[in-house]
Every structure is written in C-alpha cells, then in structure tokens.
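Each chain, written out:
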Amino acid sequence: PSSLATLGAAKGIRFGSTVGLRNFEDPAYRALNARECALIVPETEMKWVALRPDAKRFDFTAADRIVAWSRANSLGVRGHTLLWHADRWTPDWLKAHDFGPRPRSEAERLLTQHVSTVASRYASVVDSFDVVNEAINPDTGLINETALSKPLGGERTIDIAFQTARIAATKAQLVYNDFMSWAADNERHRTAILRLLEGMKKRGVPVDALGVQSHLGSKFSDTPTGLGQIDEAAWRRFLDEVTGMGLDLLVTELDVHDNPLPTEIGSRDAQVAAHTRAYLDLMLSYPQTRTVMCWGLSDRYSWLNDFRPRPDKLPKRPLPFDAEFRPKPMREAIAAAFTAA
Ligand code: G3I
C-alpha cells in the first residue's frame, strides 16, 4: 500500500514522526520511519538539555547523527525545540547560572547565542522550527517563569527567541508549539495561547504558525470515560482565531492515550482509530494544516509507556503501528483522512 508520506504528499501534506534516544538504534524502527515518513523530528536531541552540557559548550553529536540519517534517507527534519520555556526543562546549570551585575543582558546573551547557534547550524536542512515550546501554564494561563524570563520577562524572552531564529534561519517556518486541545476543560489554556499569539502579532514578532501537539485521549483519567469530553465548537472557534491571525497550523505530536479504553484490543484500536479520524478530518478541514507528525510510529516506543500505567497494566496502543511494527486501524484512519482531505 502507499506509504502515509505518499498519501499525504498527494494532498500537499507532509507526514512524519519522531526518532530519538529510545528507538534510533533499532534498524527496524529506522526502516519503518524511512518508509512511512517524509519528515522526522528528533524526540529529545535538539533540546537544551541534550545540546548544552554547560553555559559554554554545545554537543551536537546526537542531533547531527539523526540529521545525517534523515538526509541519507531523503527525509525532511523539523527542529524541536529552540526553547522549551518551562522551568522543568531548563538545564540545571542554567537554573544555577550567575547572571552577574547585568542579568537582563546576560540572559539575552545566553538566549540569542543558543537560538542563533542551533538555528543557523540546521537552517540548511530544517525548514520548520518549534522556536518556543509550552510557554503557558494551562492551569493559570500565565507564561511560565524560567531562569531566563526572571531577568528578561516572559513575553520578551519569547519575542527574542523568535526574532533571533528569523535572523539565523531566514527561510524557516517559525512555530509556537503547545498542547492546548479540543478537550472540554481546556478553555483557559486556549484563551491564554490566543492572547500570547495576538500580542506577538501586534509586536511584529516573526511567528508563522501554531504547532498543535495533539496528544489525544486522556492520560490522567483511568475511569472508562472513553477518550475524554470534547468541545468541538470551542476548538473550531480557537482554530478560526489562530488562522484569522494569518498563522498556519501543524499537527506536531499526534498520539492517542488509550488508558481509559477497555482491555479488549479490537475495541480499543477501533476507538483510537475513530478518534484519530475525527480529529484529523477537523484539522485538515483547515487548508492551513500542511504538516501531520505522530509522536512516534510504533507502540513499542511511545513516551506514554513512561506515563501512568493502564489499570489493567497492559501495554498502551497510542500509535499507528503496533509493537511488532504491524499497521493498526489508526494507520488506516490517518491514510483515510489524507485521502479524504
Ligand atoms: O534514554 C535515557 C536513559 O538511557 C537514561 O538512563 C535516562 C536517565 O534519565 O534518560 C533516558 O532519556 C530519557 C529520554 O526521554 C528517552 O527518550 C530522558 O530522561 C527523558 O527526559 C526524555 O523525555 C522526553 C521528554 O520530552 C523530555 O525531553 C520524552 O522522550 C519525549 O517524548 C518528550 O516529548 C515531549 C515534547 O518534547 C514536547 N511535548 C510533550 C512531549 C511529551 O512529553
């Protein structure tokens, strides 16, 4: 059958997935990605914690390996992420950093040095960067505070990251990436992200698109509530506002957390597939959606396995291929959504 890359390309959609620490050594996993994808994104290797052993050094070894493999397999590469604006993912050395007598200029120096060094290094192979990832606290709607934003301010930190990326990678699509969702309880998160994006557009900050992570299902509730309560109308209103600002959309990290679904695999897979199809039909109804990435291709390597176990302790089935790399109904759902788009 045609690969997901081929089916997507027929409609001008680029399909891709992650490779990284947890699976890049597996030749079968690399082959699956090379066959099915047009695009890959390093799962961890382009983050500050992977690239920066300390304030002075950059270690590109792991990222360069993945980029070299991608080029050898004629795959595009997404850059994730020039700044994960959250204390949890700020390297310890940066949290402990002495910002000296002029903390604002020291913070700006560290931030612009990192963004320009990484973005210019990969500008010839990466045509779309997640410049800033997850800057908003979904519970408060406020911009996270980090070692950099304490002296610089949250908005200014984000603005500088985008302005620096534009200079270093002039042709790249610059993306703000976050996990807002169509879940009924996500209104505050969505509103805060709209406010952030409106402010950036007003200040002339060079942001081109919103990365919609699309971690579907529910990773917290274990009760069989199905895949969570969805507010489709609110989600469309949100996407209308985002595209109304002239921003494009990307599905950047699609998977379906099936914790609350029943044990029986046939029914679980069918519900995951139906959920995926409904979601992609909605997202692809926006012509601004030209990229669909899954956060991994095989159940064997999903980050969700590191997350809360299912009540029945069975392995999760969140991705288009099973742990033996066999296609699942979710893969057919993605193929059908591309074909119908
Ligand atoms: O593989 C090493 C292991 O050898 C070592 O013993 C262990 C010690 O901590 O670390 C392991 O690496 C882990 C790596 O995942 C393996 O892939 C890192 O600790 C762990 O921090 C890392 O977590 C990643 C996380 O982002 C933080 O970078 C997940 O793989 C990755 O799926 C997750 O992806 C994020 C996106 O970047 C942003 N959106 C949400 C998404 C899911 O959290």
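Everything that follows concerns the structure shown earlier in this document.
These notes cover the structure that comes with them. Values in this document were obtained by computation on a predicted structure and should not be read as measured data.

Conventions we followed
Residues numbered from 1 in each chain as written. Predicted model: local features only at pLDDT ≥ 70, side-chain atom pairs only at ≥ 80, totals over all residues. Heavy atoms only, no water. Axes fitted to C-alpha atoms, helices over the stretch in contact; angles between N-to-C directions. Helix = DSSP H or I, 4+ residues; strand = E, 2+ residues; numbered from the N terminus. Parallel < 35°, antiparallel > 145°, perpendicular 65-115°, else oblique. Contact = heavy atoms within 4.5 Å. Nonpolar A, V, L, I, M, F, W, Y, C, P; charged D, E, K, R; others polar. 1 Å grid on protein atoms, 1.4 Å probe; cavity = no way out; pocket = protein on both sides within 12 Å on 5 of 7 lines; lining within 4 Å. Points joined across faces, edges and corners; volume = space filled by probe spheres on them. Core = buried A, V, L, I, M, F, W, Y, C linked by side-chain atoms within 4.5 Å. Buried < 20%, exposed > 50% of the residue type's maximum accessible area, 1.4 Å probe, protein only. Left-handed = near helix turned anticlockwise from the far one by under 90°. Phe/Tyr/Trp six-rings, centres within 6.5 Å; stacked < 30°, edge-to-face > 60°.

A few words on the packing of helix 9 (residues 187-202) against helix 10 (residues 232-244). The contact between helix 9 and helix 10 brings their axes to 10 Å, and the two run at 5°. Accordingly, the angle class assigned to the pair helix 9 and helix 10 is roughly parallel. Together, Glu187, Arg190, Ile193, Leu194, Leu197 and Glu198 of helix 9 and Ala234, Trp235, Phe238, Glu241 and Val242 of helix 10 make up the contact between the two elements. Grouping the constituent residues of the contact of helix 9 with helix 10 by class yields seven nonpolar, no polar and four charged.

Turning our attention to empty space enclosed by the protein. Applying the stated criterion across every chain yields a total of two cavities of 30 Å³ or more. The computed volume of the largest cavity comes to approximately 70 Å³. Contributing to the lining of the largest cavity are Lys47, Trp48, Thr81, Leu83, Trp84, Trp89, Thr90, Pro91, Leu94, Thr146 and Leu148. Sort the elements by how many residues they give to the lining of the largest cavity and strand 3 (residues 76-84) lands first, with three residues. Tallied by class, the residues present in the lining of the largest cavity amount to seven nonpolar, three polar and one charged. Size it by volume and the second largest cavity reaches roughly 30 Å³. Together, Phe179, Met180, Ser181, Ser214, His215, Leu216 and Tyr279 line the second largest cavity.

In this section: the nonpolar core. Core analysis: the largest hydrophobic core is formed by 94 residues, its most contacted members being Tyr122, Phe162, Tyr176, Leu210, Trp235 and Tyr279. The greatest single-element share of this core, amounting to seven residues, is contributed by helix 6 (residues 103-122). Leu39, Val41, Trp295 and Trp303 belong to the second largest nonpolar core, which has six residues in total.

Let's shift gears to unusual backbone geometry. The residue after His80, namely Thr81, is reached through a cis peptide bond having omega 0°. In this fold, Thr81 is placed in strand 3. Within the chain, Phe325 stands out as a residue other than glycine whose phi angle is a positive 65°. Looking at the element boundaries, Phe325 is found in the loop between strand 9 (289-294) and helix 12 (329-340).

Let us now look at the packing of helix 10 against helix 11 (residues 265-284). Look at helix 10 against helix 11: their axes get within 11 Å of each other, and the N-to-C directions meet at 30°. With respect to helix 11, the axis of helix 10 lies roughly parallel. Our pair here, helix 10 against helix 11, has a crossing hand that is right-handed. Contacts from Glu232, Trp235, Arg236 and Leu239 of helix 10 reach helix 11 at Tyr279, Leu282 and Met283. Looking at the contact of helix 10 with helix 11, its residues break down into five nonpolar, no polar and two charged.

With that out of the way, let us pick up the packing of aromatic side chains. Ring pairs (aromatic) are described by centroid distance and by the angle formed between their planes. Within this structure, the stated rule accounts for 11 aromatic pairs. Seen from their ring centres, Trp182 and Tyr279 are 5.0 Å apart, and the 80° between their planes marks the pair as edge-to-face. One end of the pair, Trp182, is in the loop between strand 5 (173-178) and helix 9; the other, Tyr279, is in helix 11, and 97 residues separate them in sequence. The class of Tyr279 is buried, set by a relative accessible area of 1%.

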